[in-house]
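In case you want the letters, here they are:
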Protein chains: 2
Amino acid sequence: MTRLSELGESHIISRVLTGNPTSGNVIVGPGDDAAVTAPNGRLVSTADMLVENEDFTRDWLDWELLGRKAAAQNLADVCAMGALPHGLLVSLAVPADTDIASVEALYSGLIAEAERAGDELECTVPIIGGDLSSAGLIVVAITALGTVGETSAILRSGAQPGDSLYLAGTVGRAAAGLDLLFAGLRPGTAPPELSALITTQLAPRPDYGALLTLGAASAMIDVSDGLSTDLARIAAASGVGIDLDRALLQELIDPLLPAAEYVIAARADGAEVAPGPTVTADELAQSWVLDGGEDHGFAASALSSQCPGVGWRRIGEIRTGDDVSLDGTPVPTSGFSHFGK
Amino acid sequence: MTRLSELGESHIISRVLTGNPTSGNVIVGPGDDAAVTAPNGRLVSTADMLVENEDFTRDWLDWELLGRKAAAQNLADVCAMGALPHGLLVSLAVPADTDIASVEALYSGLIAEAERAGDELECTVPIIGGDLSSAGLIVVAITALGTVGETSAILRSGAQPGDSLYLAGTVGRAAAGLDLLFAGLRPGTAPPELSALITTQLAPRPDYGALLTLGAASAMIDVSDGLSTDLARIAAASGVGIDLDRALLQELIDPLLPAAEYVIAARADGAEVAPGPTVTADELAQSWVLDGGEDHGFAASALSSQCPGVGWRRIGEIRTGDDVSLDGTPVPTSGFSHFGK
């Protein structure tokens, strides 16, 4: 094991950026005071961080998957604007006694997820800059940059009554995975179908490629905090109501039932310090689908005559009003928030 | 006192962004999945973070000055490329029991420093996005974006033997301020001339406006880790040697002598847990000037016939070779590094 404290910063940077691609848009990459790139169109920028003990714990930590997740959550925000990713800036804080191999694994995960996005979207997504700092805990702060044509950014504010609501990717799987982690399961030891949910929590795989089959969407959002919360954001920004169709959500709920049964049984066994309320497996799986973010599915509204293509499933309708409902019954906004309500 | 944990994220964001300007380049500001802006030219991007117990301690913490410092160190990197700042992304992690007034003060500092840069450079520098997270300690991770003409980025790699070396702003003041903090002084109680040095440590004021009088520089760097370290970066990138002129540095050293005398006396009194080596005031002040970063002065090379204008002082020469010297004697690279060498 070689601790970071035994190495110089520039040596660490050159090691962890092994495998980082370049692109024709990069004029000056890592190594000067700042990067210089040539954006093609308008610039899309977003920043999001993962913090130890808030977003993950040492107990579950897989450095490569943490890198994948950090890249994914930022790339998803770029794509949710209808933009193509352009590059990443990575600010990493870790304890000085961290093994260089761990930091290399984290960057491998970042680079691999950026490559996956690039492959799906036929572009290259290099790490163009960042910062490395020592700290008492692990913080991965990413800025993702993207580009979009002058009139083609897809905002939260364009949904219209009469549009249908579509989802690319999944919702609820990462939330199920989180509850399985809380219940003591780990990816290596869990049954395969439960392990896959935990992996979605540890390293979601947004369906970036769905952007290519999106068609003419009126609004779009990266579902990171849960459908109930993120659709309420579209509702508020667009001045509309949204009705989810329980029957259309069923195929998202059903695959979560074994995990829900497992978590309920584990709670009954007292495996969790604070047991959840008594719920049925169906209720728990439904709550994951409605309130669970971190799969980074994309929710988009569009006229059904402009129906998106492969990768998109219809899950509801845009209507008049200002709230989110499920088969006409209001859905409380109970997704994730770092702070209180 | 109102703790963040009593408020919702969106409420916090809207409160802390009060006073944040917009600019004609901002198409979509904070509030969607990502910002959309219209960069004018090539894009310059840089990211840097400040971490509690590494870059500052609770004991010295002034939230407004912390915000100023976080903005300054990133804006300085943009300007050191010869670019105009375009916007900031701010990712902030703080404990959930933090007072909202503290976070408002931090953002006030960010906004004020961005406004100062904008005023000096005749542009507007809005906060265009970011993230707010709870965490066990305070982390401020900033991405600064800027724009530069197609051929006008000033890199570290262009210095040529025969160029003169110039400095805008100062070096050594922030390092003196840090040693005064370690010696137990605080801005409110220190004599004014020492207090000003501490304030430079807590909130440096880069001379952004010097960019306007720079002329045709061949290389430039933001001096953040110390002249010895940062000039060695220019030397390495340009394949040159750099000789500093002690006589020209004297006017940077002299104002630090009272602080050096104070620190040496405090060390002799055992005010510091680990006393420094025995040095004279002149030696200590010189080491601050050579090895102290965080004032965020700008060092630039240029032909003396292209001599920069107001705000720039000559401090040395570019020569053949590959090292940094002071009056011909090699200077060890002993500036700041987060990790070992």
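Every chain's residues receive numbers from 1 upward, in the order its sequence appears when written. Note on labels: chains are lettered from A, ligands numbered from 1, in written order. Totals for whole chains, interfaces and linings use all residues, but because this is a predicted model, local features are given only for residues with pLDDT of at least 70 and pairs of side-chain atoms are given and counted only at 80 or more. Heavy atoms throughout the structure, all of them, feed into the side-chain values; hydrogens and water do not.

As annotated in an unreviewed UniProt entry, chain A carries the name Thiamine-monophosphate kinase and comes from Brevibacterium spongiae. For chain A, the Function (unreviewed entry) comment in UniProt is given as "Catalyzes the ATP-dependent phosphorylation of thiamine-monophosphate (TMP) to form thiamine-pyrophosphate (TPP), the active form of vitamin B1." UniProt positions are given in the numbering used here, feature names are shortened, and annotations may be inferred rather than shown by experiment. You can read under Pathway (unreviewed entry) in the UniProt record for chain A the words "Cofactor biosynthesis; thiamine diphosphate biosynthesis; thiamine diphosphate from thiamine phosphate: step 1/1."

1. Remarks on the interface of chain A and chain B
Working rule for contacts: check all heavy atoms of both residues, and any pair within 4.5 Å makes them a contact. On the side of chain B, 64 residues touch chain A, which itself brings 64 residues to the contact. Note: buried area is the sum, over both parts, of the accessible area (probe 1.4 Å) each one loses when the two are combined. Taken together, the two surfaces of chain A and chain B that pack against each other cover about 4,900 Å², and 58% of this comes from carbon and sulfur. Broken down residue by residue, the surface that chain A buries against chain B is led by D33, L43 and F339 of chain A, which jointly contribute 16%. Note on definitions: salt bridges are taken to be side-chain nitrogens of Lys or Arg within 4 Å of carboxyl oxygens of Asp or Glu. Where chain A touches chain B, the interface holds 4 salt bridges.

2. Comments concerning the domain arrangement of chain A
Residues and elements named next belong to chain A. Here the bounds of each domain stem from an automatic or database domain assignment. Parsing chain A into structural domains produces domain 1 (6-148) and domain 2 (156-330). Distance from the C-alpha centre of domain 1 to the C-alpha centre of domain 2: 26 Å. Between domain 1 and domain 2, the residue contacts involve 21 residues of the former and 21 residues of the latter. For the pair domain 1 and domain 2, the summed buried area comes to about 1,900 Å², and 63% of that belongs to carbon and sulfur atoms. Among the residues domain 1 hides against domain 2, the three largest losses belong to W60, K69 and R116. Together they make up 34% of the total. On the surface where domain 1 and domain 2 come into contact, there are 2 salt bridges. The salt bridge involving R186 is made with D59; its shortest N-O contact spans 2.5 Å. Pairs of N or O atoms within 3.5 Å make up the polar contacts considered here, provided that, within protein, one atom can donate a hydrogen while the other can accept it, and that residues adjacent in sequence are counted only when both atoms are side-chain atoms. At the surface where domain 1 touches domain 2, the tally comes to 7 residue pairs in polar contact (both at pLDDT 80 or more). For helices the rule is a DSSP run of H or I covering at least 4 residues; for strands it is a run of E covering at least 2, with both sets numbered from the N terminus onward. Looking at which element gives the most residues to the side of domain 1 that touches domain 2, the answer is helix α2 (residues 63-79), with 10 residues.

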